[in-house]
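Per-entry structural report
Listed below are the residues making up each chain.
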Amino acid sequence: MSSSPSRPVGTARRLLAPLLVLGLLAASVALLHRTFRDCSWTELGADLVALGPGAVLAALAATATSYLAMTGYDALALRYVEHRLPYRRYGLASFIATAFGNNLGASAVVGSALRARVYSGWQVPAFAITRIIGFNLVTLVLGAAVLAGGGMLHDPAGVGRALHLPGAAVAAVGALLLASVAGYLLWAGAGRSVGWRGWRVDRPSRRLAAAQVALSTFEWLTMAAALHVLLPAGDRIAFLPFAVAFAIATVAGLVSNVPGGLGVFESVLVVLVGSTTSPAGLAVALVAYRLCYFVLPLLLAAVLLVVHEARRGAAAHEPARTAAEAAPAPAASPGPAGPSGRRAPVLTPSVLTPSVLALGVAGAGVFMLLVGDLPGSRDLDVSAVTTSLAGLAALLTARGLHRRLSSAWAATVALLAGVTVLAAAHGDLVLSAVTAVLTALLVPARPAFYRGAPLSRPRNPLWPVTAAVLVGAAVWWHELSGLGGAVDAPLWAASVSGQTTGADRLAIAAGTVGVLLGARRVLAPAAPAPRSACDVEAARVADIVARAGRCTSHLAFTGDKRFHFSPAGTAFLMYQVEGRSWVVMGDPVGEPAEFRELVWSFVEEVDRHGGRPVFYNVLPDHADLYRECGLSLAKLGEEAVVPLADFTLAGRARVNLRNCRNKSQRLGMTVDFVAPGDVAPLLPELRAVSDAWLTHRNGKEKRFSLGAFDEEYVSRFPLVVVREEGRITAFATLWTGADGREVQVDLMRRLPDGPRTVMTFLFVECVLWARENGFTSFNLGMAPLSGLRTDATAPFWDRIGHLLWTHGEQFYNFKGLRKFKEGFHPQWRTCYVAAPGGLTLPNAMVNVATLVGGGIRGVVRG
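Only a predicted model underlies this, so the values are computations on that prediction, with no experimental measurement involved.

**Quick word on the overall build of the protein**
Helices and strands together make up the secondary structure of the protein, namely 30 helices and 14 strands. Within the span of the protein, comprising 862 residues, buried residues form 49% of the whole. Taking the intrachain contacts of the protein between residues at least 6 apart in sequence as the baseline, contacts between residues at least 24 apart amount to 71%. Element-wise, carbon and sulfur atoms account for 63% of the exposed surface of the protein, whose accessible area totals about 39400 Å².

If you want it as structure tokens, here you go:
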């Protein structure tokens, strides 16, 4: 299959956000370097000590007050959603989410994810968590608007000079911000819920809204106070103008998505207040503020998160241990635990969670980048370049640690051990201690990094060889070039600075590229190579389907799926890999006693490869098993099943079907049911009908969840053919269950110029044929997105699906398909997708769409 011409555009879009972040960071670094180039960073430690205990204690007190006020956000939010929790619980959720969100990029997303993680452990409903997160975001914005708007109106001329804007424009913006807050208070007092296209927002009470504004403003003031008390007393500007500048700088850092707003926050603050404060004093205050408000709370939050996860993990795995003791366990595997007794990563006080360790390694990487060469240092040598490149490598391998890759664990341990030795040899005891402690924590945590390493598969040796050569060349070239003699800039600023020679810049660039290429090797996804089922697997699949398969089990013969068998070989899952999603088509097939072990072993296999398991179009029969594996169920739609015992065309209920059948017969249409062995002679004419249909629809074959027109596939099944004057005008393949109870139509095609009633006529005849041949039900297939909930407690996915159902008729005939099937008066059976919860589901559904129709466009066309 040729690559899509839109792929470069998609790649460019994916790269745009990271490039914007890097651009902001680069501009901030350049501004900060120009501002602080005369500062002696070698004396930073002494300058921090010189702040004195009074200023540091005041900053810590303001920090504690600010985080305490942030827990009030959650108290108000819980009152808003009318869900009670003790303070020890929602206070923990708030503190962990705030501390991690402040330090990481996309803080709103990170904080939301951690809040959802902690709250879900206390059985807070998903819809309530979503509303809590939204309420907290509004509360945060209200305080920033009050502070910034009030400051702009208080001194529009001063703020205008700092922002290089006219005073009148600043005053107008300030008035608009305060007016928006007043508007929110008036809106809240109306008391009625607001609905729009299936969405409903409950207004908070006026008292609750006023509490939001007051608490948020107070919290922003305490946050600003934590930095204000650290400024030099002689250069300290008045608190209110400083608080306004602080709010603007903080919002800029949040919007930038740079981790912790690092660099962006500082550069905006320098622009706003730098002219009134000495660079040296401001630099020391900013570093002390980062330590007090960001680093210390982050360390405490990491400890609390590990303890919380350890308790939660122990409680979750208690039933698994009980089940494992009651039954013989199979051979242990390195994956996550299943009830069958497989080993799970156990959270203990001596083994930190991979994500926390990854965060620690990333922090060490930032530290190494900074100590490699700071402004004011004139002792840059080969060790500085090596340390800086090691810092970049640590940042990259930290992502692999978060994904629990064994290769990332090995690379990180080797990297940190090397840095420990190098730093100790050069007398940098602080860096040596940091990397040694991280190494000591990583070594006993080895079992937590169980996912298969991409290095275990044979791959092109170009990447590691190129990376090694470039890194070696960078270090060697730098040593010969004498870069360290006269450079007064950070390493990355020096790499583009006119102070350095072209050879020096090329050496730094080569080393950076080498690290990036090496990281690409380590962190590449380890999805299995594409392959087709061998003859032995195909024969085993055919035998299982013939003995125990449902109608949809025949999708195993489409030729586009892999198979995962149970240990006994009597059950299987059919799946395909797209992106990070391992998409299973339907429920397990085969011996029901094997299903539990089969599903767990599949989830383990997916986890070892760093993927995500997705079970598409499954029934509620095995919902508990999917939830047991940590998956969430989202409704896809409803399947129409017609009971055949009392099916008849007589009476008023099915008068339309009866009229359609009579009209079709008067037009000369006839129906034939063809056995599989007699299909071959009809294939040329069937292909002509199929090609005409696809051309008319301007689409292409759907796959994975539907059969495509493949001669070998079509010849496997009974066929229903509609003829008009001897010419085939429509046909469909029929699936039959192994138990002889259910029939379902699969592949359907008709001539575009045939009668419009032909498909209804075909279905009516199929239902009558199934009843006459002793089947008990006829499956009309699924009506996508039908029957989704729209009430206030509906999940987010249901709300999105309902919007598509209501307003997506130009893309897909959702309502028309439902109405057509309703004409048969079926029983409706809910169908689900089982996948990891949260933001994973939309990505997983895009992967499913790619498998079915080559992307979203392919699904809604043809």
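**Things to note about the packing of aromatic side chains**
Following the criterion strictly, the structure yields 25 aromatic pairs and no others. Here the aromatic rings of Tyr 575 and Phe 602 are separated by 5.2 Å at their centres, their planes lie at 65 degrees, and the arrangement is edge-to-face. Taken together, the residues span a long stretch of sequence, with Tyr 575 in strand S4 (residues 571–578) and Phe 602 in helix H21 (residues 595–608) at a distance of 27 residues. Both rings, one in Phe 709 and one in Phe 731, keep their centres 6.1 Å apart while their planes meet at 75 degrees; by these two values the pair is edge-to-face.

**Overview of the confidence of the model for the protein**
Detailed reading of predicted coordinates is not advised where the pLDDT is low. On average, residues of the protein carry a pLDDT of 75, and 68% of them reach 70 or more. Below pLDDT 50 for its whole length, residues 373–382 participates in 29 contacts with residues either more than four positions away or in separate chains.

**Considerations on the pairing of strand S13 (residues 777–784)**
Of all 8 residues in S13, 8 are buried; the element is thus mostly enclosed. Where strand S12 (residues 742–750) lies against S13, 3 bridges are found, and the strand directions are parallel. Among the inter-strand pairings, Gln 744 is bridged to a residue of S13, identified as Asn 779. Handedness of the β-α-β unit built from S12, helix H26 (residues 758–772) and S13 comes out right-handed.

**With respect to the packing of helix H8 (residues 167–188) against helix H9 (residues 206–228)**
Two numbers describe how H8 lies on H9: the axes approach to 8 Å, and their chain directions differ by 155 degrees. Comparing their axes, H9 and H8 come out roughly antiparallel. Considering the relative orientation of H8 and H9, their crossing is right-handed. Contacts between H8 and H9 pair Val 181, Tyr 184, Leu 185, Leu 186 and Ala 188 from the former with Arg 206, Ala 209, Ala 210, Gln 212 and Val 213 from the latter. Class assignment for the residues of the contact of H8 with H9 results in 8 nonpolar, 1 polar and 1 charged.

**Here's the deal with unusual backbone geometry**
In the Ramachandran plot, Glu 725 falls in the positive-phi region, its phi being about 55 degrees despite a non-glycine side chain. Within the fold, Glu 725 resides in the loop between strand S10 (719–724) and strand S11 (727–736).

**Brief notes about the pattern of salt bridges**
Per the counting criterion, the structure on display carries 12 salt bridges. When the shortest N-O distance is used, the salt bridge between Asp 624 and Arg 627 registers 3.7 Å. Of this pair, Asp 624 and Arg 627 are both found in helix H22 (residues 623–628), 3 residues apart, which corresponds to roughly one turn of the helix. Residue Glu 638 is joined to Lys 635 by a salt bridge in which the shortest nitrogen-to-oxygen separation is 3.3 Å. Beyond isolated ion pairs, a larger network of salt bridges with shared partners links Lys 635, Glu 638, Arg 818 and Glu 822.

**Details of empty space enclosed by the protein**
If you walk through the whole model with that rule in mind, you get 1 cavity of 30 Å³ or more. Contributing to the lining of the largest cavity are Thr 558, Arg 703, Leu 706, Ala 708, Asp 710 and Tyr 713. In the lining of the largest cavity, the residues fall into 3 nonpolar, 1 polar and 2 charged.

**A closer look at the nonpolar core**
One finds Phe 100, Leu 227, Phe 242, Phe 246, Phe 265, Leu 269 and Tyr 289 to be the most contacted residues of the largest nonpolar core, which totals 53 residues. Listing elements by their share of this core, those giving two or more residues are helix H3 (52–80), helix H4 (87–103), helix H6 (126–154), H9, helix H10 (239–256), helix H11 (264–273), helix H12 (279–326) and helix H13 (354–372). At 12 residues, the largest contribution of residues to this core is made by H12. When sequence neighbours within four positions are dropped, the list of residues in contact with Leu 227 reads Phe 242, Phe 246, Phe 265, Leu 269, Ala 285, Leu 286 and Tyr 289. Leu 555, Val 614, Leu 636 and Phe 717 belong to the second-largest nonpolar core, a separate cluster that totals 33 residues.

Criteria and thresholds
- Residues numbered from 1 in each chain as written.
- Predicted model: local features only at pLDDT ≥ 70, side-chain atom pairs only at ≥ 80, totals over all residues.
- Heavy atoms only, no water.
- Helix = DSSP H or I, 4+ residues; strand = E, 2+ residues; numbered from the N terminus.
- Buried < 20%, exposed > 50% of the residue type's maximum accessible area, 1.4 Å probe, protein only.
- Contact = heavy atoms within 4.5 Å.
- Areas by Shrake-Rupley, 256 points an atom, 1.4 Å probe, with all protein chains shown as cover.
- Phe/Tyr/Trp six-rings, centres within 6.5 Å; stacked < 30°, edge-to-face > 60°.
- pLDDT = per-residue confidence, 0-100.
- Pairing = 2+ DSSP bridges.
- Right-handed = clockwise from strand over helix to strand, strands pointing away.
- Axes fitted to C-alpha atoms, helices over the stretch in contact; angles between N-to-C directions.
- Parallel < 35°, antiparallel > 145°, perpendicular 65-115°, else oblique.
- Left-handed = near helix turned anticlockwise from the far one by under 90°.
- Nonpolar A, V, L, I, M, F, W, Y, C, P; charged D, E, K, R; others polar.
- Salt bridge = Lys/Arg side-chain N within 4 Å of Asp/Glu carboxyl O.
- 1 Å grid on protein atoms, 1.4 Å probe; cavity = no way out; pocket = protein on both sides within 12 Å on 5 of 7 lines; lining within 4 Å.
- Points joined across faces, edges and corners; volume = space filled by probe spheres on them.
- Core = buried A, V, L, I, M, F, W, Y, C linked by side-chain atoms within 4.5 Å.

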